[in-house]
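Chain by chain, the residues run as shown.
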Amino acid sequence: MSRATLAKDPREVAGMFDAVARRYDVTNDVMTLFQVHMWRNVTRRAVAARPGMTVLDLAAGTGTSSAGYAADGAEVVACDFSTGMLAEGQRRHPHIGFVAGDATALPFADESFDVVTISYGLRNVQGTVQALREMLRVTKRGGRIVIAEFSTPVSPWFRRLYSFYLDTALPAAGRLVSSNADAYDYLGESILAWPDQEALARLMQEAGWRAVGYKNLSGGIVAVHRGTKVFPRS
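Residues numbered from 1 in each chain as written. Predicted model: local features only at pLDDT ≥ 70, side-chain atom pairs only at ≥ 80, totals over all residues. Heavy atoms only, no water.

Per an unreviewed UniProt entry, the protein carries the name Demethylmenaquinone methyltransferase and comes from Actinomyces weissii. For the protein, the Sequence similarities (unreviewed entry) comment in UniProt is given as "Belongs to the class I-like SAM-binding methyltransferase superfamily. MenG/UbiE family." Here is the UniProt Pathway (unreviewed entry) comment for the protein, exactly as written: "Quinol/quinone metabolism; menaquinone biosynthesis; menaquinol from 1,4-dihydroxy-2-naphthoate: step 2/2." (UniProt positions renumbered as here; feature names shortened; annotations may be inferred.)

Q: I'm lost on the pairing of strand β5 (residues 139-150) in this one. Help?
A: Two faces make up the sheet, and in a regular strand the side chains alternate between them. In this sheet, β5 lies alongside strand β4 (residues 113-119) in parallel orientation, the contact comprising six bridges. Counted as the bridge partner of Val-115 is Arg-144 from β5. On the question of chirality, the crossover connecting β4 to the parallel β5 by way of helix α6 (residues 128-138) is right-handed. Two strands pair when backbone bridges link them, and β5 and strand β7 (residues 222-228) are joined in this way by seven bridges, in the antiparallel orientation. Across the sheet, the residue bridging to Phe-150 is Val-222, located in β7. (Pairing = 2+ DSSP bridges. Helix = DSSP H or I, 4+ residues; strand = E, 2+ residues; numbered from the N terminus. Right-handed = clockwise from strand over helix to strand, strands pointing away.)

Q: What exactly am I supposed to notice about the pattern of salt bridges here?
A: Pairing is possible between side chains that carry opposite charge, provided their charged atoms lie close to one another. For the structure shown, the criterion picks out nine salt bridges. Note that Arg-44 and Asp-72 form a salt bridge whose closest N and O atoms lie 2.8 Å from each other. Of this pair, Arg-44 sits in helix α3 (residues 36-47) while Asp-72 sits in the loop between α4 (64-71) and β2 (75-80), and the two are 28 residues apart along the sequence. Of the residues examined, Arg-44 reaches a relative accessible area of 30% and is grouped as partly exposed. One salt-bridge network, held together by shared partners, links Glu-88, Arg-91 and Arg-92. (Salt bridge = Lys/Arg side-chain N within 4 Å of Asp/Glu carboxyl O. Buried < 20%, exposed > 50% of the residue type's maximum accessible area, 1.4 Å probe, protein only.)

Q: It is not clear to me how the sheet that holds strand β3 (residues 97-100) should be interpreted in this structure. Could you clarify?
A: As a general point, the strands of a sheet are linked pairwise by backbone hydrogen bonds and lie either parallel or antiparallel. Reading across from one edge, β3-β2-β1-β4-β5-β7-β6 is the order of the seven strands in this open sheet, with mixed pairing throughout. One side of each edge strand has no neighbouring strand; the edge strands of this open sheet are β3 and β6 (210-217). Going from strand to strand, the sheet's axes swing by 20° on average, the running direction of each strand aside. Lying on the sheet, α3 is in contact with β1 (54-58), β4, β5, β6 and β7; it crosses β5 at an angle near 170°. Sheet contacts for α6: β1, β4 and β5; angle to β5, the most-contacted strand, approximately 145°. (Axes fitted to C-alpha atoms, helices over the stretch in contact; angles between N-to-C directions. Contact = heavy atoms within 4.5 Å.)

Q: What is the right way to look at the pairing of β1 in this model?
A: Within β1, five of the five residues are buried, which leaves it mostly tucked inside the rest of the structure. The pairing of β1 with β2 spans five bridges and is parallel. If you follow Val-55 over to β2, its bridge partner there is Val-76. As judged from the four bridges shared by β1 and β4, these two strands associate in the parallel manner. Looking across to β4, one finds that Val-55 is bridged to Val-115.

Q: I keep staring at the side chain of Asp-57 and nothing clicks. Help me out?
A: Within the secondary structure, Asp-57 is located in strand β1. Buried charge without a partner: Asp-57 forms no salt bridge, and the closest opposite charge is Arg-40, 8.3 Å away. Among the polar contacts listed, one links the side chain of Asp-57 to the side chain of Ser-66, at a separation of 2.6 Å. What Asp-57 contacts, discounting residues up to four positions off in sequence, is Ser-65, Ser-66, Tyr-69, Val-76, Val-77, Ala-78, Cys-79 and Thr-117. (Lys, Arg positive; Asp, Glu negative; His and termini not counted. Polar contact = N/O pair within 3.5 Å; in protein donor to acceptor, adjacent residues only side chain to side chain.)

As structure tokens, this is what we get:
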């Protein structure tokens, strides 16, 4: 079965997600002990979609989050570079527009969206700051970014326990429940190598986002970062 490496070659990452598309959401439920539903609800509240708003949902996968934003009344574009995920998402949510695209070179015009959001996908992009700059480019002035991503537990003892889970227990569980167990080796590796909350906030600021802040969920296993595209000074 295919898996990506920490080099994050886009073809490898896309191929890995193509292979798990059909069972991806069910496996996520099990591997997160169903915490993903709470994380998704917090992210949905942060996006605060409403009628008249345009939302770009990057790394949208099968469209689970996109469907929530559409239900809140926004015009939603679901974007992913995995054609397998896109096909599964379009099958499940035919009323949502799914678009193939790379986060580092988005196929959208400048200032197209009120909110750009990405959940558990920025970690898989080859070129974090470039992707953040692209998200800034396609966001309207005064618009916002919302990022939900695995992060670093705040408590030292919990951090050690979580590292053990990612390094040992997660791959073992992946072999039991996933159609591509190797993908969960990559998942643990990519989370352990990912910047912590403050480091990601700095990367967002480097890319041009302002009023950057974050909220820890489940003790810091996940963090929801937010930022704003400010109006340029006259």
